Amino acid sequence: MTMASPEKRFFLQSVAACGLIGGLYPLSTALAQLRVEIAGVGANQIPIAIGQFWDDPAGNNQVTAIIAADLQRSGLFRVIPSNDLVRETGTVDDAFWKSKGADAVLGGTLSRADGRIEIRYRLHDATKGVTLTSSGLKANPQFIRLAAHRVADDIFERLTGIRGPFATRIAYVARSGNEYRLEIADSDGENAFAAFRDSEPVISPAWSPDGTKVAYVSFNLKKPVVYVQELATRQRIAVANFKGSNSAPAWSPDGRRLAIALARDGATQIHTVNVDGTDLRRVPGRADIETEPCFSPDGQTLYFTSDYSGSPQIWRMNADGGERRRVTFNGSYNISPAISPDGKLLSYISRREGRFQVYVLELASGQESRLSDGPRDESPSFAPNGRYIMYASESGGRAHLAVVSVDGGSRYTLNARASAIREPAWGPFTR
Amino acid sequence: MNGVKILISVIAFALLGACSTVKLTDKAPPVEDRNASSASSGGSSSSGSSPSTSAGSSGNTSKSSGASSASSASAVDPVNDPSNILSKRSIYFDYDQYTVKEEYRSLVEAHGKFLASNPDRKVIIQGNTDERGGSEYNLALGQKRAEAVRRAMALAGARDSQMEAISFGKEKPKASGSDEAAWMENRRADIVY
């Protein structure tokens, strides 16, 4: 009975994903793959043993490896690898797993039927001697990674109480030589494909709330123009191509409007527009530069960057204008606001002593913390569960993506082998 | 129930089959340009035809006054004549600054006057920044630089319809490298005919 619903749900997902991939060209394997490195670990990790799944048809432990990597990367788990087979049925030797230091044990069976792979798994609490969940899902072989991420999401949620962030996607801009690619990848950087490629720069990708479209800024008309592209069909429209620069798209939470920055009247000012380019409205501005709008989750408030005070700072106002209030006060350069999904945290880039670093501000208390070391970090973007922030970083002269937990406890990088990677945007939950 | 499942599987499999075999052309995706009329100058960036003026007498283009006239006897477009101030089309800025420095006033004014007396000519003013800081804020800062140049040219007589100020931010640096020399070169607005 616990089987039916996830199975069906995932099956529908698979079809949707097929349509998506069918409309796009996959990247050749010669292009950049992202690689994950663990740079730090947090305290209070849950030790979890992941046994080998029974009857792995590929014989390469791919599914357990993906689950282990997801959990390890989250910073909340310490994965204890094991060569022992653990099945999803039968008794579990709690004393044995406790002796290995495991509080939780994941085991399961992989099987193949009708050309599809079925993952059945059980999560067991060895300290209490109870099985927490026994579940399963089926996937076509090309979606086996997504299926494994969904298992990891389930484990993550059952053991932490927080929705798992793994079966989500990210958008970013990769550059190889003179080619710019807007790429979409799984949250771990795998399965990347180019949604758009061009010889002119692309910046500022932004996911629609339903995950079907991405807005971005392309320079392909020799100037910045805002586009909205449907991922499944690759159809795109120029939502804002006015005189002057058009940039900084942000979706309203209902997915109907975009906030954008336009310079059609000389100064860079915030406007809102329907996603089909109609009904353009200017939000009354005050400074020469007002840009990087970002909606609060309830759609009522816009956070934005303004140089009204003489230096770039983050401000807030009602989405239709009105009274504005300055939000950041420390430092003389605070840009790129991002709001957590619960609306409680503001992340941004601050320049302090010449270093550009990721900060997070608890809006209710005004408590500010630095989450990254710089020196040239950019573009913070919250995971849809609000527990992680992805940002662009640089080390050794190479641009890559990094992820830090909002408590600063864990961090990892997604390293491109061949290209510079910038401008990350973490996509929404899609279930 | 099982039958339905199998049927759905078959459909899904057919879909997947189609997915894996579709060859996608690499042509540019269709672009619906809803605002083409309001930004038509955006696409036509650079050096157009030379001016159609044919009145020729003094082929003398002095550095100070040549700016105000396109009626040169030679076929050389004054904006491309190395002896003409109009051939200089880059204005440099200080870090985080957007005011047109004194040393570039005469240059900007010359372009403004040239446009005033040549209403068929148009320019794009492209603002740029160095690589430090965020993409979007730099885009806005580059815009502010281009706009400062545009306003100064408007004061010298150029019409709004002849000019478009845009920004590349830090995305199209002329000089690569992460030193002050490269940064100086990239804090720049270019007047592009």
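Residues numbered from 1 in each chain as written. Chains lettered and ligands numbered in written order. Predicted model: local features only at pLDDT ≥ 70, side-chain atom pairs only at ≥ 80, totals over all residues. Heavy atoms only, no water.

With respect to the overall build of chain A
Going by this rule: Strands are runs of DSSP state E lasting at least 2 residues, helices are runs of H or I lasting at least 4, and numbering of each runs from the N terminus. In this description, contact between two residues means that some pair of their heavy atoms is separated by no more than 4.5 Å. Calculation of accessible area relied on Shrake-Rupley with a 1.4 Å probe; when residues are assessed, cover is drawn exclusively from the protein chains displayed.
Within chain A, the secondary structure is distributed over 4 helices and 31 strands. Long-range pairs, those at least 24 residues apart, make up 45% of the contacts in chain A between residues at least 6 apart in sequence. When the accessible surface of chain A is totalled, it reaches about 16,400 Å², and 47% of it is carbon and sulfur.

Some points on the environment of B:Lys170
Put simply, the test is: To sort residues, take the accessible area from a 1.4 Å probe on protein chains only and compare it with the maximum for the residue type: under 20% means buried, over 50% means exposed, and anything in between is partly exposed. Any pair of nitrogen or oxygen atoms within 3.5 Å is treated as a polar contact; in protein, a donor-acceptor pairing is required on top of that, and neighbouring residues in sequence qualify only through side-chain atoms on both sides.
Inspection of the secondary structure puts B:Lys170 in the loop between β4 (163-169) and α4 (180-186). Assessed through its relative accessible area of 11%, B:Lys170 is described here as buried. Residues within four places of B:Lys170 in sequence aside, it is in contact with A:Glu378, A:Arg422, B:Thr129, B:Asp130, B:Glu131, B:Gly133, B:Gly134, B:Ser135 and B:Asn138. Looking at B:Lys170, its side chain comes within polar contact range of the side chain of A:Glu378, at 2.4 Å.

Remarks on the sheet that holds strand β2 (residues 90-92) of chain B
Residues and elements named next belong to chain B. Cut-off, in case you're wondering: Strands were regarded as paired on the criterion that DSSP finds at least two bridges between them. Each axis is a line fitted through C-alpha atoms, and for a helix only the stretch in contact is used; angles between axes span 0 to 180 degrees, taken between their N-to-C directions.
In space, the 4 strands of this open sheet follow the order β2-β5-β3-β4, with mixed pairing throughout. Both outer strands of the open sheet, β2 and β4, are each paired with one neighbouring strand and no more. Strand-to-strand twist across the sheet, computed as the mean angle between neighbouring axes with direction ignored, equals 20°. Taken strand by strand, helix α2 (residues 105-117) contacts β2, β3 (123-128), β4 and β5 (188-192), and its axis lies near 145° from that of β2. The strands that helix α3 (residues 135-155) touches are β2, β3, β4 and β5; relative to β4, the one it contacts most, it runs at about 155°.

As for the packing of helix α2 (residues 62-73) of chain A against helix α4 (residues 144-160) of chain A
The description of two helices packed together rests on the angle between their axes and the distance between the axes. Residue and element names in this part refer to chain A. The following threshold applies: Should an angle fall under 35 degrees it is taken as roughly parallel, and over 145 as roughly antiparallel, whereas 65 to 115 is taken as roughly perpendicular and any remaining angle as oblique. Should the near helix be turned anticlockwise from the far one by less than a right angle, the crossing is left-handed, and should it be turned clockwise, the crossing is right-handed. All amino acids are sorted into three groups, where Ala, Val, Leu, Ile, Met, Phe, Trp, Tyr, Cys and Pro are nonpolar, Asp, Glu, Lys and Arg are charged, and the leftover types, Gly among them, are polar.
Two numbers describe how α2 lies on α4: the axes approach to 9 Å, and their chain directions differ by 45°. One finds that α2 runs oblique with respect to α4. The handedness of the crossing between α2 and α4 comes out as right-handed. Between α2 and α4, the residues in contact are Gln62, Val63, Ile66, Ile67, Asp70 and Leu71 and Ile144, Arg145, Ala148, His149, Val151, Ala152, Ile155 and Phe156, respectively. Among the residues making up the contact of α2 with α4, the classes are represented as 10 nonpolar, 2 polar and 2 charged.

Points about unusual backbone geometry
Looking along the chain, the bond that leaves A:Gly374 and enters A:Pro375 is cis, with omega of 10°. Even without being a glycine, A:Asp279 presents a positive backbone phi close to 55°. Here A:Asp279 is to be found in the loop between β17 (267-274) and β18 (281-282). Its identity is not glycine, yet B:Asp96 carries a phi of approximately 60°, on the positive side. Mapped onto the elements of the fold, B:Asp96 is located in the loop between β2 and α2. Accessibility expressed as a relative area gives 24% for B:Asp96, which makes it partly exposed.

With respect to the sheet that holds strand β23 (residues 334-339) of chain A
All names here are of chain A. Sheet architecture is open: 4 strands sit in the order β23-β24-β25-β26, paired in antiparallel fashion. The outermost strands of the open sheet, each flanked by one partner alone, are β23 and β26 (367-370). Along the sheet, successive strands turn relative to each other by an average axial angle of 25°, direction set aside. Relative to β26, strand β25 (residues 355-362) is paired through 4 bridges, and the arrangement is antiparallel. Pairing of tyrosine 359 across the sheet is with arginine 370, part of β26.

Overview of the confidence of the model for chain A
Filter applied, for reference: Summary of the metric used: pLDDT quantifies the predictor's per-residue confidence within the range 0 to 100.
For chain A, per-residue confidence averages 88 on the pLDDT scale, and 88% of positions sit at 70 or higher. pLDDT under 50 marks residues 1-37 of chain A. Its contacts with residues more than four places away, or in other chains, come to 95 contacts.

Considering the side chain of B:Arg188
All names here are of chain B. Within the secondary structure, arginine 188 is located in strand β5. A polar atom in the side chain of arginine 188 sits 2.9 Å from the backbone oxygen of glutamate 185. Those residues in contact with arginine 188 that lie beyond four places of it in its chain are Ser90, Ile91, Tyr92, Phe93, Gln126, Gly127, Asn128, Arg145 and Lys174.

Section: α3(B)
Residues and elements named next belong to chain B. Definition in use: Between the first and last residue of a helix there are one fewer steps than residues, each counted as 1.5 Å, and that sum is the expected span.
Taking 1.5 Å per residue, 21 residues should reach 30 Å; α3 reaches 30 Å between its end C-alpha atoms and fits that length. Of all 21 residues in α3, 17 are buried; the element is thus mostly enclosed. One or two positions beyond α3, positive phi appears at glycine 157, with a value near 115°.

As for the packing of aromatic side chains
We apply this condition: When the centres of two rings from Phe, Tyr and Trp lie within 6.5 Å, Trp using its six-membered ring, the rings pair. Their planes under 30 degrees apart give stacked, over 60 give edge-to-face, and anything left gives tilted.
Counting across every chain of the model gives 12 aromatic pairs over all chains. Look at A:Phe77 and A:Phe156: their rings are 6.0 Å apart centre to centre, the planes differ by 50°, and that puts the pair in the tilted class. Of this pair, A:Phe77 sits in strand β4 (residues 77-85) while A:Phe156 sits in helix α4; the two residues are 79 residues apart in sequence, bridging distant segments of the chain. For A:Phe77, a relative accessible area of 0% translates into the label buried. Plain terms: the ring middles of A:Tyr333 and B:Tyr137 are 5.6 Å apart, the flat faces sit at 80° to each other, and that makes the pair edge-to-face.

Focus: the pairing of strand β6 (residues 116-125) of chain A
All names here are of chain A. β6 sits mainly inside the fold: 9 of its 10 residues count as buried. Bridge analysis of strand β5 (residues 104-113) against β6 gives 10 bridges, and the strand direction is antiparallel. Looking across to β6, one finds that valine 105 is bridged to histidine 124. Connecting β5 to the antiparallel partner β6 that follows it, the hairpin turn spans 2 residues, and aspartate 114 within it adopts a positive phi of roughly 55°. By the bridge criterion, 9 bridges tie β6 to strand β7 (residues 130-139) in an arrangement that is antiparallel. Bridging from a neighbouring strand, aspartate 125 pairs with valine 130 of β7.

Thoughts on the environment of B:Gly177
Residues and elements named next belong to chain B. Structurally, glycine 177 is set in the loop between β4 and α4. Separated by 90 residues in the primary sequence, glycine 177 and serine 87 place their C-alpha atoms 26 Å from one another. Beyond its immediate chain neighbours, meaning those up to four positions away, glycine 177 contacts Glu131, Ala182 and Trp183.

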